[in-house]
Amino acid sequence: MSLSLLFAIILALAMVGYLLGRANASGLKTAGKNLHSIPAYHGYYIALWCGLPAFLLVLVWLAAQSTVVDQLLLAGLPSHMTEGATPARISLVLGEIKNVAAGRVFGTPTQAVLDAAARYQSLKDTASLALIACTLAAAVGGLAFARSRLSPDFRARNKVDGILRWLLIVCSILAILTTIGIILSLVIESLVFFARVPVTEFLFGMNWSPQTPIRADQVASTGAFGAVPVFWGTIFISAIAMFVAIPVGLFSAIYLVEYADKKVRSVVKPLLEILAGIPTIVYGFFAVLTVAPFIREFGMSLGLDVASNSALAAGGVMGIMIIPFISSFSDDAITAVPQSMRDGAYALGATKAETIRQVLLPAALPGIVGGVLLAVSRAIGETMIVVMAAGLTATLTANPLEGVTTVTVQIVTLLIGDTEFDSPKTLAAFGLGLVLFISTLVLNIAALQVVKRYRERYE
Amino acid sequence: MSDTTARPGEPKRRAWYEKDAKLSRRHAADKRLRAYGIAAIVFALGMLATLVGTILITAAPAVTQTMVTLDVVVPEGAVDPSDPRGGSYQKILNESIARIFPEVDTPREKRELRQLFSNGGQYALRDKVVSDPSLIGQAFAITFPLSDIGDQLHKGVIDRDLPRDQRRVSDEQIGWYDRLVEQGRISAPLNWGMIFNADSRFPELAGLWGALVGSFYALLICFLVSFPVGISAAVYLEEFAPKNRLTDLIEVNINNLAAVPSIVFGLLGLAVFLNFFGMPRSAPIVGGLVLSLMTLPTIIIATRAALKAVPPSIREAAIGVGASKMQTVGHHVLPLAMPGILTGTIIGLAQALGETAPLLLIGMNAFITAAPDSMFNPSTALPTQIYIWADSPERGFTSRTSAAIIVLLGFLVCMNAIAIYMRKRFERRW
């Protein structure tokens with residue numbers, strides 16, 4: 001039985017519960033009893049008691065099922081297969097058993113594996129049968145329980161409101177759970193990583209080549225995890241991006257707020273916003289297809305040696321992506337400066353440019369700085385443009401025509417494809433992710449603080 | 001007016017209507033700032049135009065697909081009518097190709113000749129025979145794609161005038177192609193295969209169907225999770241929550257989540273959904289869950305803004321006639337805020353549709369040659385399919401990547417247009 005069918009049955013049962021409760025209450029009402037709540041709330045009460053526990057049970061069950069089944073399967077394996085085996089080896093064995101159970105047989109599996117596959121299949125069948133039985137029991141049980149509590153002076157509306165309120169609270173706590181999930185997953189994996197590679201080497205080491213040896217006797221590439229060149233590449237590309245985005249964004253905001261008439265503004269502003277709505281993969285393809293070859297050709301014609309994945313191409317395209325962030329933040333900040341300050345400056349005989357430079361910009365500076373900080377955080381977390389257009393090798397260079405790599409590029413290249421979960425290579429990605437998370441968090445908080453302080457000044 | 005008379009030794013003061021060098025400098029500075037502004041806008045919009053323009057131009061060749069029509073004879077003995085899938089259709093095709101080009105006999109020439117036709121021809125033939133077994137033993141015409149190089153030749157992407165060592169087709173191949181054109185066997189219909197085929201290693205066969213289905217499933221999950229949860233969270237925070245440390249914490253949290261880089265959500269999905277809960281790799285359900293966590297802050301923020309815009313008088317009136325707090329919100333405030341909420345939701349879903357990085361980390365960039373038949377099967381999504389194609393070396397994939405980008409942008413434009421329409425149509429000013 002498929003999941004959607006199960007959910008449909010739960011829903012149908014809840015509807016039945018609703019109709020039952022409402023009919024019962026209507027019956028009481030026509031019998032002349034004075035009800036506390038209108039009949040519909042009696043129905044809702046039963047429906048919630050019938051549907052909610054069953055629905056939650058299915059979710060919890062699904063989350064736990066595969067782990068429990070795996071453990072049961074492992075416990076039943078002959079001891080020579082599990083004793084002293086590494087987690088990686090065990091997951092390999094489990095994978096083989098599941099493949100065999102699903103009918104994807106490679107080579108000739110041993111008898112033990114075949115037996116285990118059969119057992120796995122029966123465990124899975126039992127589990128899904130048990131799930132259906134338990135869910136139905138929960139739904140019917142909830143229905144019966146709620147039905148038994150209904151009476152003319154039962155406060156159904158208050159109870160239903162109370163249940164809904166709890167649902168709302170649970171939903172808003174989910175936002176916290178997401179953050180906790182992010183922090184826990186990053187920190188735990190990073191701790192495992194730092195147990196193998198010292199934190200100081202990771203943060204201050206100058207050599208990044210995360211390829212771990214495939215054979216034990218291999219000479220080259222023992223795996224070095226000094227992330228300074230990776231951090232440098234990220235900062236370098238972000239700096240190039242800001243070098244493009246800040247002047248363009250700021251000047252266009254100034255023009256749109258102070259010089260342009262309404263008509264121009266109403267056309268240009270949405271057009272600029274389009275730049276923010278284009279998916280980053282499109283920018284990445286644009287960088288590879290157009291910008292990088294153009295910069296390369298142009299550099300060659302000047303006699304310069306330009307790498308095909310130059311930092312300039314990736315950073316420049318990223319800058320184009322960031323223009324609307326800067327321009328809309330600056331726009332808001334300049335617009336928020338009170339008109340009286342403009343009027344004061346004009347009254348003293350200042351030109352528009354002087355008013356902007358000496359009055360509006362200083363007054364709007366906190367807002368602009370906040371926007372720039374958010375844009376920087378956006379730039380260092382940006383992934384697809386650099387994955388497609390920046391380099392893979394970590395080099396410490398200040399030449400924008402050479403290729404550099406970034407934190408996000410390394411995370412993607414370390415994790416793409418099938419990798420076992422306990423090699424330092426995979427774990428290094430989580431170390432980088434932690435650094436990325438912390439630095440963007442700090443930038444965001446700083447930006448919010450700056451913006452908040454500026455708001456207090458004029459409101 | 002003694003101060004207007006010039007004292008000896010000082011430069012003569014000018015009247016207010018006279019221009020002097022300083023004033024024109026100041027006006028020049030004003031004009032310069034204006035020019036910088038215009039230049040900045042022209043640069044930004046020029047880049048937007050270049051981006052859209054290059055994508056459109058590179059996508060143009062993918063609008064049509066060059067097809068070839070061959071006369072095929074399926075001999076009685078070659079295919080077993082009870083099991084038509086098992087026939088050796090490539091051989092049958094090769095025979096009919098050889099009838100057109102009888103002079104080709106060396107192995108090298110034969111190989112080059114075959115390179116002109118798509119590998120998908122045998123499957124097209126097989127499917128035709130399987131769907132109509134009465135064709136066995138008869139002669140009939142079959143139309144299937146030319147290979148990538150044939151396609152490029154037809155569209156003029158390959159320059160015939162280049163010397164041999166600089167182009168990817170041999171002189172013989174050009175000659176054979178020209179003979180096919182003379183015989184009227186070449187046609188270039190609209191490239192529906194690009195939408196309705198699944199992925200393939202061969203550009204002329206590759207299509208977006210698998211990615212479209214995968215993206216649909218992922219967005220469906222994303223909507224089913226983030227819409228109810230997001231509205232509930234926003235309603236609680238806006239209408240019910242007491243002002244205390246916990247609700248402050250939740251607020252700060254949501255604002256920060258909205259700015260966390262998307263790749264970090266990918267790491268979360270990898271560590272929690274794949275590794276901890278053991279969910280299937282590359283499956284749209286995992287992609288949808290990760291996307292829903294990313295969309296949640298957007299929806300919460302939009303919903304709270306929409307709830308704030310509903311005037312308090314509505315709530316007071318409802319409470320006044322005896323509604324409970326929950327009834328007030330459910331019956332009056334939420335319906336009035338719904339247009340704003342839906343607008344925010346559509347914009348959030350549009351962002352989710354274009355998101356690539358987290359899907360890469362949970363393996364939705366796998367090479368899968370069939371559309372997924374459920375949300376638990378491995379699949380790609382539209383943006384990850386673009387990533388895969390952009391990485392493929394064959395020339396034909398460049399135009400297909402651009403065409404896929406246009407499909408993606410088309411969806412985004414539609415979604416945003418709906419959102420803007422809804423905002424304009426249903427927005428209420430109180």
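**With respect to the overall build of chain B**
Broken down by element type, chain B carries 16 helices and three strands. For a compact globule of 430 residues, the expected C-alpha radius of gyration is about 22 Å, and chain B comes in at 32 Å, more than 25% above that figure. Sorting the 430 residues of chain B into buried and exposed places 43% on the buried side. Looking at chain B alone, contacts between residues at least 24 apart form 76% of all its contacts between residues at least 6 apart.

**Here's the deal with the overall build of chain A**
The secondary structure content of chain A amounts to 16 helices and two strands. Each principal axis of the C-alpha atoms in chain A carries an extent, and together these give about 85 × 80 × 40 Å. Pairs at least 24 residues apart make up 74% of the contacts formed inside chain A by residues separated by at least 6 positions.

**Some details on the interface of chain B and chain A**
Where the parts come together, the accessible area they lose is often given as the size of the interface. Between chain B and chain A, the residue contacts involve 65 residues of the former and 71 residues of the latter. With 20 residues, helix α1 (residues 21–59) of chain B is the single largest residue contributor to the side of chain B that touches chain A. Taken together, the residues that form the side of chain B that touches chain A break down as 45 nonpolar, 17 polar and three charged.

**A closer look at the domain arrangement of chain A**
Residues and elements named next belong to chain A. Taken as a whole, chain A is organised into domain 1 (3–154), domain 2 (156–196) and domain 3 (224–458). Centre-to-centre, using C-alpha coordinates, domain 2 lies 31 Å away from domain 3. Listed as interface residues are nine residues of domain 2 and, on the opposing side, eight residues of domain 3. Its residues assigned to classes, the side of domain 2 that touches domain 3 shows six nonpolar, one polar and two charged.

**Brief notes about the confidence of the model for chain A**
Of the residues in chain A, 93% have a pLDDT of 70 or more, and the chain-wide mean is 87. Averaged pLDDT values for the elements of chain A fall to 71 in helix α3 (residues 79–82) of chain A and rise to 94 in helix α8 (residues 228–259) of chain A.

**A few points about the packing of helix α13 (residues 352–381) of chain A against α1(B)**
Here α13(A) crosses α1(B) at 75°, and the two axes come no closer than 7 Å. Between α13(A) and α1(B), the angle is such that the two are roughly perpendicular. Between α13(A), through K352(A), A353(A), E354(A) and I356(A), and α1(B), the contact on the second element is made entirely by R26(B), A29(B), D30(B) and L33(B). Residue classes in the contact of α13(A) with α1(B) are distributed as four nonpolar, no polar and four charged.

**Examining the packing of helix α10 (residues 262–276) of chain B against helix α11 (residues 284–309) of chain B**
Residues and elements named next belong to chain B. Two numbers describe how α10 lies on α11: the axes approach to 10 Å, and their chain directions differ by 130°. One finds that α10 runs oblique with respect to α11. Here the hand of the crossing between α10 and α11 comes out right-handed. Within the contact between the two elements, α10 uses S262, F265, G266, G269, F273 and L274 and α11 uses V286, L289, V290, L293 and M294.

**Side note on the confidence of the model for chain B**
Low pLDDT means the predicted coordinates in that region are not meant to be read closely. In this model, chain B carries an average pLDDT of 87, and 96% of its residues clear a pLDDT of 70 or more. Across the whole predicted complex the pTM is 0.88, and at the interface the ipTM reaches 0.89.

**A word on helix α6 (residues 156–196) of chain A**
Taking 1.5 Å of rise per residue, the 41 residues of α6(A) would be expected to cover 60 Å, and the 59 Å separating its terminal C-alpha atoms lies within 8% of that figure. Where α6(A) bends most, at A175(A), the angle is about 25°.

**Structural notes on the nonpolar core**
With 213 residues, the main nonpolar core has A287(A), A314(A), V317(A), I385(A) and A389(A) as its most contacted residues. Residues within four places of V317(A) in sequence aside, it is in contact with Y283(A), F286(A), A287(A), V291(A), I385(A) and A389(A). One finds M67(B), V72(B), V74(B) and F117(B) within the second-largest nonpolar core, a separate group that totals 23 residues.

**Section: the sheet that holds strand β3 (residues 186–187) of chain B**
Residue and element names in this part refer to chain B. Taken in spatial order, the three strands of this open sheet run β2-β1-β3, and their pairing is antiparallel. Since the sheet does not close on itself, it has two edges, and those belong to β2 (139–145) and β3, each with one partner. Bridge analysis of strand β1 (residues 67–73) against β3 gives two bridges, and the strand direction is antiparallel. Note on β3: the bridge partner recorded for M67 is S187. Lying on the sheet, helix α4 (residues 121–131) is in contact with β1 and β2; it crosses β2 at an angle near 135°.

Reading guide: rules and limits
The numbering scheme is per chain: residues are counted from 1 as the chain's sequence reads. Chains carry letters from A onward and ligands carry numbers from 1 onward, assigned in written order. It should be noted that, the model being predicted, local features are given only for residues of pLDDT at least 70 and side-chain atom pairs only at 80 or more, the latter also being counted only at that level, while totals for whole chains, interfaces and linings use all residues. Think of it this way: any DSSP run of H or I at least four residues long counts as a helix, any run of E at least two long counts as a strand, and we number them from the N terminus. We compute the radius of gyration from the C-alpha atoms alone; for a globule the expected value is 2.2 Å times N to the 0.38, where N is the number of residues. Comment: burial labels come from other C-beta atoms within 10 Å of the residue's own C-beta, placed from the backbone, where a count of 20 or more is buried, 12 or fewer is exposed, and between is partly exposed. Here contacts are defined at the residue level, using C-beta atoms placed from the backbone and a cut-off of 7 Å between them. Three categories are distinguished: nonpolar for Ala, Val, Leu, Ile, Met, Phe, Trp, Tyr, Cys and Pro, charged for Asp, Glu, Lys and Arg, and polar for the others, with Gly belonging to the last. Domain ranges listed in this record stem from an automatic or a database domain assignment. Each residue carries a pLDDT score, the predictor's confidence in it, ranging from 0 to 100. Under this scheme, a helix contributes an axis fitted over its contacting stretch, all axes are lines through C-alpha atoms, and angles between N-to-C directions fall in the 0 to 180 degree range. By the definition adopted for this analysis, an angle is roughly parallel if under 35 degrees, roughly antiparallel if over 145, roughly perpendicular if from 65 to 115, and oblique otherwise. Crossings are sorted by hand: turned counterclockwise from the far helix by less than a right angle, the near helix makes the crossing left-handed, and turned clockwise it makes it right-handed. In a helix, the anticipated span is given by 1.5 Å times the number of residues less one. Here the bend at a residue means the angle between the axes of two seven-residue stretches, the one that ends at it and the one that starts at it. Each nonpolar core reported here comprises buried Ala, Val, Leu, Ile, Met, Phe, Trp, Tyr and Cys residues connected via C-beta atoms within 7 Å. Pairing between two strands is assigned when DSSP locates at least 2 bridges connecting them.

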